[in-house]
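Listed below, chain by chain, are the residues.
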Amino acid sequence: MRAIWKGAVSFGLVSIGVKLYSATEEKDIRFHQVHRDDGGRIRYKRTCQVCGEEVSYDDIAKGYDIGGGELVILTDDDFADLPLNTSRAIDVLEFVPAEQVDPILYNKSYFLEPEGTATKPYVLLRNALTDSERVAIVKVAIRQREQLATLRVHQGVLLLNTMLWPDEIRKPDFGFLDEDLKVRPPELAMASSLIDSMAGDFQPDVFTDDYRAALQEVIDAKVEGREVVQPEEAEEAPAAAVDLMAALKASVERAQAARGEKPAGRGAGEPTPISAARSAQRKAAEQKAPPKKAAGKRNDKGASAKTAGKKTAEKKAATGKKAAGQKAEPAKKAAAKKTTRKTA
């Protein structure tokens, strides 16, 4: 890993020199835009809409749109005069319980490594944070932007989580929040029972990105030149059950049976609202479908149809010849009359 930032954690009168490393990386499969015909890369040029010339990075400034087609242009000198007191420091503001920080505020994660002789105060702060079961609220400036962040311990390393500012969190404004919806206690109890039956310990390693894996297989297949197999379509979800309590109860029993917590007893083979809905859909589809006929009959009919087709074609051909002959006879008679007159 390569350090993207160097500075110090300011902890009271203690200053701990640290290096900052990105703690996460995206695993998305990235593509280039290319010409479909020859695979050439598509390039984009930075051109000015006014003069039409290509502009280099040195001549690019930042413009703030104030409306009405007017801009305020800011240069590097304007940004240099801004007060960034924490430009090379991580200032600890306070220590708070970790559960008081809403996860929606978290943005990006960074590892902190002690630099030089700062290992001992680094370990001191790490152990103190672990014992206190709190996180440090800090301010830090990264890439010319001051950010709020937390400092906590992760796998024996200080982890910096930058956070969004409170005014960057949108307020959910949905109509159903103003509706007076009532949930019956038995329904809530059954839903809670379903949650309990599916409870477990979070192990992130067991989850995989199926889409990325499938996309990689497609790419590998094109590289190797082999045929890509079309995956089977997923089974359609059943129609919504009318009886919510019965559906919840069936889900709980299925989850318990799968985990071996509750053996399937009497009534286990009875249809649930979901399986009943599937059976009803299957029967309806069978009733709409035309009845299947025996292969032999189908072949006989096919043969008779071919024979009838041949006879019809022969009749049409004979009729066409007859009509052509009938039309030809008057033409011959007329030609004979003209010849006779000329001779005379």
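Keep in mind that what you see is a predicted model, and the values were worked out from it rather than measured.

(A) Structural view of the packing of helix 3 (residues 185–197) against helix 5 (residues 244–258). Remark: helix 3 packs on helix 5, axes separated minimally by 9 Å, with the N-to-C direction vectors making an angle of 20°. On the basis of the axis angle, helix 3 is roughly parallel to helix 5. Here helix 3 runs over helix 5; the crossing is left-handed. The residues of helix 5 that touch helix 3, namely those facing Pro186, Glu187, Met190, Ala191, Ser193, Leu194 and Ser197, are Leu244, Met245, Leu248, Lys249, Ser251, Val252, Ala255 and Gln256.

(B) Structural context of helix 5. In this model, helix 5 (15 residues) spans 21 Å end to end at C-alpha, consistent with the 21 Å of a helix rising 1.5 Å per residue. Residues of helix 5 that are buried: Ala247, Leu248, Ala250, Val252, Ala255 and Gln256. Note on helix 5: the residue one or two positions beyond its end, Gly260, has a positive phi of about 75°.

(C) Just the state of the cysteines, in detail. With the rule as written, the count across this model stands at 0 disulfides. Not engaged in a disulfide, the cysteine Cys48 finds its nearest cysteine sulfur in Cys51; these two sulfurs lie 3.8 Å apart.

(D) Representation of the pairing of strand 5 (residues 89–97) within the structure. Examined bridge by bridge, strand 1 (residues 5–11) and strand 5 share 3 bridges and lie parallel to one another. Paired with Ser10 across the strands is Asp91, a residue of strand 5. Bridge count for strand 5 against strand 7 (residues 134–141) is 6 bridges, and the pairing is antiparallel. Within strand 7, the position partnered with Val96 by the bridge is Val135.

(E) How the structure looks around the confidence of the model for the protein chain. A residue-level look at the protein chain finds 69% of positions with pLDDT of 70 or above and a mean pLDDT of 76. Averaged pLDDT values for the elements of the protein chain fall to 49 in helix 7 (residues 295–343) and rise to 94 in strand 9 (residues 157–163). Contacts for the low-pLDDT stretch residues 331–344, under 50 throughout, to residues beyond four places or in other chains number 0 contacts.

(F) Structural detail: the environment of Ser192. Relative to the assigned elements, Ser192 resides in helix 3. Given the relative accessible area of 33%, Ser192 is considered partly exposed. Placed 56 residues apart in sequence, Ser192 and Leu248 show a C-alpha to C-alpha distance of 9.6 Å.

(G) Quick look at the pairing of strand 4 (residues 70–74). In this structure, strand 3 (residues 62–67) lies alongside strand 4, joined through 5 bridges in antiparallel fashion. In the strand pairing of strand 4, Asp65 is matched with Leu71. In this antiparallel pair of consecutive strands, strand 3 and strand 4, the connection spans 2 residues, and Gly68 shows a positive phi of 70°.

(H) Main features of the packing of aromatic side chains. Counted under the stated rule, the structure contains 2 aromatic pairs. Ring centres of Phe174 and Phe176 lie 6.4 Å apart, and the angle between their planes is 15°; this geometry places the pair in the stacked category. Relative to Phe207, the ring of Phe202 has its centre 6.0 Å away and its plane inclined at 25°; by these criteria the two rings are stacked. In this pair, the class of Phe202 matches that of Phe207, namely exposed. Sitting over the face of the ring of Tyr57, Arg46 holds its NZ or CZ atom 3.9 Å from the ring centroid.

(I) Broad picture of a negative patch on the surface. Together, Asp76, Asp77, Asp78 and Asp81 make up a negatively charged patch on the protein surface. Judged by relative accessible area, Asp78 falls into the partly exposed class, the value being 37%.

(J) Looking closely at a nonpolar patch on the surface. A cluster of nonpolar side chains, contributed by Tyr64, Ile66, Val72, Leu74, Phe79 and Leu82, occupies part of the molecular surface with about 540 Å² of accessible area. Those elements that place two or more of their residues in the nonpolar patch are strand 3 and strand 4. Among the secondary structure elements, Phe79 is positioned in helix 1 (residues 76–80).

(K) Here's a closer look at the nonpolar core. Grouped together as the largest cluster of nonpolar side chains are 21 residues, with contacts concentrated most on Val9, Val18, Ile90, Leu112, Val138, Leu151 and Leu160. Where this core is concerned, the elements lending two or more residues are strand 1, strand 2 (14–22), strand 5, strand 6 (106–114), helix 2 (119–132), strand 7, strand 8 (146–154) and strand 9. Residues in contact with Leu151, not counting those within four places in the same chain, are Val9, Leu112, Leu125, Leu129, Val135, Ala136, Val138, Leu159 and Leu160. Core analysis: the second largest hydrophobic core is formed by 6 residues, Val101, Ile137, Leu148 and Met163 among them.

(L) Here's a closer look at the pattern of salt bridges. Evaluation of the coordinates by the stated rule reveals 4 salt bridges. Linking Lys27 and Glu25 is a salt bridge whose minimum nitrogen-to-oxygen distance equals 3.5 Å. The salt bridge involving Glu168 is made with Arg145; its shortest N-O contact spans 2.7 Å. Of this pair, Glu168 sits in the loop between strand 9 and helix 3 while Arg145 sits in the loop between strand 7 and strand 8, placing them 23 residues apart in sequence.

Rules behind the numbers
- Residues numbered from 1 in each chain as written.
- Predicted model: local features only at pLDDT ≥ 70, side-chain atom pairs only at ≥ 80, totals over all residues.
- Heavy atoms only, no water.
- Axes fitted to C-alpha atoms, helices over the stretch in contact; angles between N-to-C directions.
- Helix = DSSP H or I, 4+ residues; strand = E, 2+ residues; numbered from the N terminus.
- Parallel < 35°, antiparallel > 145°, perpendicular 65-115°, else oblique.
- Left-handed = near helix turned anticlockwise from the far one by under 90°.
- Contact = heavy atoms within 4.5 Å.
- Expected span 1.5 Å × (residues − 1).
- Buried < 20%, exposed > 50% of the residue type's maximum accessible area, 1.4 Å probe, protein only.
- Disulfide = S-S within 2.5 Å.
- Pairing = 2+ DSSP bridges.
- pLDDT = per-residue confidence, 0-100.
- Phe/Tyr/Trp six-rings, centres within 6.5 Å; stacked < 30°, edge-to-face > 60°.
- Lys NZ or Arg CZ within 6 Å of the ring centre and 35° of its normal.
- Patch = residues over 30% accessible without salt bridge, like charges linked within 9 Å, V, L, I, M, F, W, Y side chains within 5 Å.
- Areas by Shrake-Rupley, 256 points an atom, 1.4 Å probe, with all protein chains shown as cover.
- Salt bridge = Lys/Arg side-chain N within 4 Å of Asp/Glu carboxyl O.
- Lys, Arg positive; Asp, Glu negative; His and termini not counted.
- Charge placed at Lys NZ, Arg CZ, Asp CG, Glu CD.
- Core = buried A, V, L, I, M, F, W, Y, C linked by side-chain atoms within 4.5 Å.

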